[in-house]
Amino acid sequence: MAQISAQITQILPAFNRRANWSSLSGRREAIGDICESICEICGFRDFAVAVPPPCQPLDDQLRPAPTFATLWAMQTDAGHARRSPPLILSLLLGAVPVALLFLVVRHLGGGLIDDAFIFCRYAANIAAGQGAVFNSGERVEGFTSPAHALVTAALVTMGIEAPVAAWWVSMGAAALSLVALCLFRGAPGLCAALLAIAAAPFALWASTGMDSSLFALAITISVLMVEADLDRWRRGESPSPISKRTWFAAGSAVIVRPEGILLLMIVIAIAPRHLTSIRGVGGPLIGVAPVILLTLLRGAYYGDWVPNTFRAKVGGGGVDLWARGLDYLADSGIALAPLVLLASAHAWRVLRRRETAAVGTWITVALAAGIVFEGGDHFPMHRLAVPFIPLLCLASSRLIWSLDVPGRARSVAAAAAVCLTATCSLQPAMLERFRLELTLARTWDSMGREMLRQLGSGHSIALTNAGAIPFRTGWHTIDMIGLLDRHIAARPVRLGHGYTGHEKYDSAYVLNREPDFILIHTWIWRSIVSGDEALRRVSGDANLDMSHAPRFRSTYYLRWLAMPNGFVALYERRRGGP
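These figures come from a predicted structure and were not determined experimentally. (Residues numbered from 1 in each chain as written. Predicted model: local features only at pLDDT ≥ 70, side-chain atom pairs only at ≥ 80, totals over all residues. Heavy atoms only, no water.)

K.L.:
Give me the lowdown on the state of the cysteines, citing residues and values where you can.
P.N.:
Enumeration over the complete set of coordinates arrives at 0 disulfides. C393 takes part in no disulfide bond, and the closest cysteine sulfur to it belongs to C191, at a distance of 8.7 Å. Under the relative-accessibility criterion, C393 is labelled buried at 0%. (Disulfide = S-S within 2.5 Å. Buried < 20%, exposed > 50% of the residue type's maximum accessible area, 1.4 Å probe, protein only.)

What follows is the structure, given as structure tokens:
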């Protein structure tokens, strides 16, 4: 015992050999000395670990075994190998931002928007065995995410109501994105997760039942997997830069959203060594396989090579559409200004040094270019920017963590970044517009329930808000703006001048299909007005065009349905003709 006590006292000089504990390098060297003393006491002084040098093949000559202090420095230095935190610790770290995410959503008042009910109707039909269709017998791909529809349908088969299932899919995907950041990156990942929660668009769109959060999860995991593979390859632990499972993950992103093809293109661009031999082409082929399979299935089932929503929103686009996309991207950049500035500074550093983290930079740039090509979005709170918000947060966190300052100063910088992100992204006017969308969705949900109760099932309806009302009524639906209609989506209309996503319509085509009801007033009236007065209050290009059609005025008459809080103005087709 006396001998052990004497050996333990040998550790004490290690505390005094390093006087500068305030700097990162001083603490690292001090801890290294302490660990060497402990190893000497335990009899492991001569313990050696053979580690191959970075960027060298495994069969090259191994370098001499480093000391314990050198290994510690390699593990904690941002420029060398990163030490993965324990799994349990990472999960505990991830539980903190997940809990905060639910609290933020509850405080801001999130909820499903109308377009989420499109996924719900597809999911309900899939679960009922009718196939991936909106209207029974009509095969039109009116959704943007096959993965979101399939996962929601799987929950519906378990007895969960479709809207609840869609909400849990979007919230669960956002929560898993935060956990993935903590799991792969430890403390910097926790900082990135907190920044993501502070970014209001990420938290709000997580509760909408849409596919933005699921796409963010796919992008985040793919980028983290690519970076981990490149780290292993540069340390000489892997013969190839990108593993096959990472190739498959990158290619599968296209199943979540069509923009996922951009992720695969970036991964192919950063791994040219795969294309130098026939054997090396196997990885990219695995990545391309999901894209080819999805395209073949789409062509066989829907008779089209691209989603119908792509034709409705992008088909016929050009300079005007791209200019609107640039405006949308600029607005998103202003709202996320702290993240954009920090991520840009980090990108400048990693691109100059050609570090692994540059992968996230290139993918963010590619997704931003996709927003411009798509022409933006009409929903508030920057929905299209949500998928790369975790990447911006991770880059910002890395920049903060790379500062050679005391830990307390780094924590202050991280807290300041979180506060600035929350302040800039939570724009009052934009938040009010977002809450209006939630209110409209709840209004249309109650309208659909009441229409089904008063008019029964088995009818057909034409309208522009083809979400909650068709889902609640179950009626055969004609989407007057073409998202769910092949004919209207294929119309050669020059885009970029009207309301985003609502620029295509064809009133004559809709009237030829003779729906039982047409809804051109998308709100609940406080009181009943005359027919002429009602037609003077129509809004929206498609609804205005319909209200001015002579055949509509002669074939349909105004019918008022009483609601608990007002009236619904519904136009019903005259059975006996004009």
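Still more ground to cover, so stick around.
K.L.:
Before we move on, can you summarise a nonpolar patch on the surface with the specific residues and values?
P.N.:
Taken together, the side chains of M158, I160, V164 and W168 make up a nonpolar region of the molecular surface, amounting to roughly 400 Å² of accessible area. Mapped onto the elements of the fold, M158 is located in the loop between α7 (146–157) and α8 (162–198). (Patch = residues over 30% accessible without salt bridge, like charges linked within 9 Å, V, L, I, M, F, W, Y side chains within 5 Å. Areas by Shrake-Rupley, 256 points an atom, 1.4 Å probe, with all protein chains shown as cover. Salt bridge = Lys/Arg side-chain N within 4 Å of Asp/Glu carboxyl O. Helix = DSSP H or I, 4+ residues; strand = E, 2+ residues; numbered from the N terminus.)

K.L.:
Summarise the pairing of strand β5 (residues 566–573); cite the residues concerned and give the values.
P.N.:
Burial analysis of β5 places 7 of its 8 residues in the buried class, the great majority of the element. Judged from the 8 bridges that link them, strand β4 (residues 556–563) and β5 form a sheet pairing that is antiparallel. Bridge pairing in β5 places L558 opposite Y571. The turn linking β4 back onto β5 is made up of 2 residues. (Pairing = 2+ DSSP bridges.)

K.L.:
Summarise the packing of aromatic side chains; cite the residues concerned and give the values.
P.N.:
Under the defined criterion, the tally for this structure stands at 16 aromatic pairs. Between the aromatic rings of W525 and W560, the centroid separation amounts to 5.6 Å while the plane-to-plane angle is 85 degrees, which identifies the pairing as edge-to-face. Residue W525 is located in the loop between β3 (517–518) and α24 (531–536), and its partner W560 is located in strand β4; the two are separated by 35 residues in the primary sequence. Neither W525 nor W560 differs from the other in exposure class; each is buried. Ring centres of F552 and Y556 lie 5.8 Å apart, and the angle between their planes is 20 degrees; on these two criteria the pair is classed as stacked. Overall, F552 belongs to the buried group, its relative accessible area being 1%. Looking at Y556, the relative accessible area reads 4%, which means it is buried. Put simply, the rings of F102, W167 and W168 pair up and form one aromatic cluster. One cation-aromatic arrangement involves R383 over W205; the distance from NZ or CZ to the ring centre is 5.9 Å. (Phe/Tyr/Trp six-rings, centres within 6.5 Å; stacked < 30°, edge-to-face > 60°. Lys NZ or Arg CZ within 6 Å of the ring centre and 35° of its normal.)

K.L.:
Could you give me a rundown of the confidence of the model for the protein, with the residues and numbers involved?
P.N.:
Considering every residue of the protein, the mean pLDDT works out to 82; 81% of them sit at 70 or more. Considering only residues more than four positions removed or in separate chains, one finds that residues 1–28, a stretch of pLDDT under 50, has 31 contacts. Long-range and interchain partners of residues 41–83, a stretch whose pLDDT sits below 50, account for 51 contacts in this model, where long-range means more than four residues apart. (pLDDT = per-residue confidence, 0-100. Contact = heavy atoms within 4.5 Å.)

K.L.:
Run through the nonpolar core, naming residues and quoting values.
P.N.:
Ranked by size, the top nonpolar core spans 126 residues in total, and within it L101, I363, M447 and I461 carry the most contacts. Those residues within four positions of M447 in sequence are excluded, and the remaining contacts are I469, L519, I524, M563 and V568. (Core = buried A, V, L, I, M, F, W, Y, C linked by side-chain atoms within 4.5 Å.)

K.L.:
Tell me about helix α12 (residues 260–270), and name the residues and values.
P.N.:
Three or more residues of α12 are buried, namely G260, L263, L264, I266 and V267. In an axial view of α12, the angular spread of the buried residues amounts to 160 degrees, which keeps them on one side of the axis. Exposed residues on α12 whose side chains face more than 90 degrees from its buried face are M265 and A269. Contact partners of the buried residues in α12: α10 (212–234), α11 (244–256), α13 (282–302) and α17 (358–374). (Arc of directions from axis to C-beta.)

K.L.:
Can you explain α11? Please cite residues and give values.
P.N.:
Counted at 1.5 Å a residue, the expected span for α11 with its 13 residues is 18 Å, and the 19 Å between its end C-alpha atoms agrees. Within the span of α11, buried status applies to T246, W247, A249, A250, G251, S252, A253, V254 and V256. Where the residues of α11 are buried, they touch α7, α10, α12 and α13. (Expected span 1.5 Å × (residues − 1).)

K.L.:
Quick rundown of unusual backbone geometry? Include the residues and the values.
P.N.:
The backbone of H382 sits at a positive phi, close to 55 degrees, despite the residue not being glycine. Note on placement: H382 falls in the loop between α17 and α18 (389–401). Given the relative accessible area of 5%, H382 is considered buried. The phi torsion at E514 lies on the positive side, around 50 degrees, for a residue other than glycine. You can see E514 is positioned in the loop between α23 (507–512) and β3. Given the relative accessible area of 41%, E514 is considered partly exposed.

K.L.:
Explain the sheet that holds β5 to me, using residue names and the numbers behind them.
P.N.:
Taken in spatial order, the 5 strands of this open sheet run β2-β1-β3-β5-β4, and their pairing is mixed. Edge positions in the sheet fall to β2 (476–479) and β4, since each of these pairs with one other strand and no more. Here helix α20 (residues 428–455) sits on the sheet and contacts β1 (460–463), β3, β4 and β5; the angle it forms with β4, its principal contact strand, is near 105 degrees. (Axes fitted to C-alpha atoms, helices over the stretch in contact; angles between N-to-C directions.)

K.L.:
Give a description of the environment of F552 that names residues and reports values.
P.N.:
With respect to the element layout, F552 can be found in helix α26 (residues 550–555). When the C-alpha atoms of F552 and Y571 are compared, they prove to be 9.2 Å apart, with 19 residues separating the residues in sequence. Beyond its immediate chain neighbours, meaning those up to four positions away, F552 contacts L511, I518, I520, L535, M546, S547 and Y571.

K.L.:
Could you give an account of the packing of helix α15 (residues 319–335) against α17, with specific residues and numbers?
P.N.:
Closest axis-to-axis distance for the α15/α17 pair is 6 Å, and the angle between their directions is 130 degrees. In this view, α15 runs oblique relative to α17, as classed from their interaxial angle. Of the residues in α17, those touching α15 at L321, W322, G325, L326, Y328 and L329 are A368, I371, V372, F373 and E374. For the contact of α15 with α17, the per-class residue count stands at 9 nonpolar, 1 polar and 1 charged. (Parallel < 35°, antiparallel > 145°, perpendicular 65-115°, else oblique. Nonpolar A, V, L, I, M, F, W, Y, C, P; charged D, E, K, R; others polar.)

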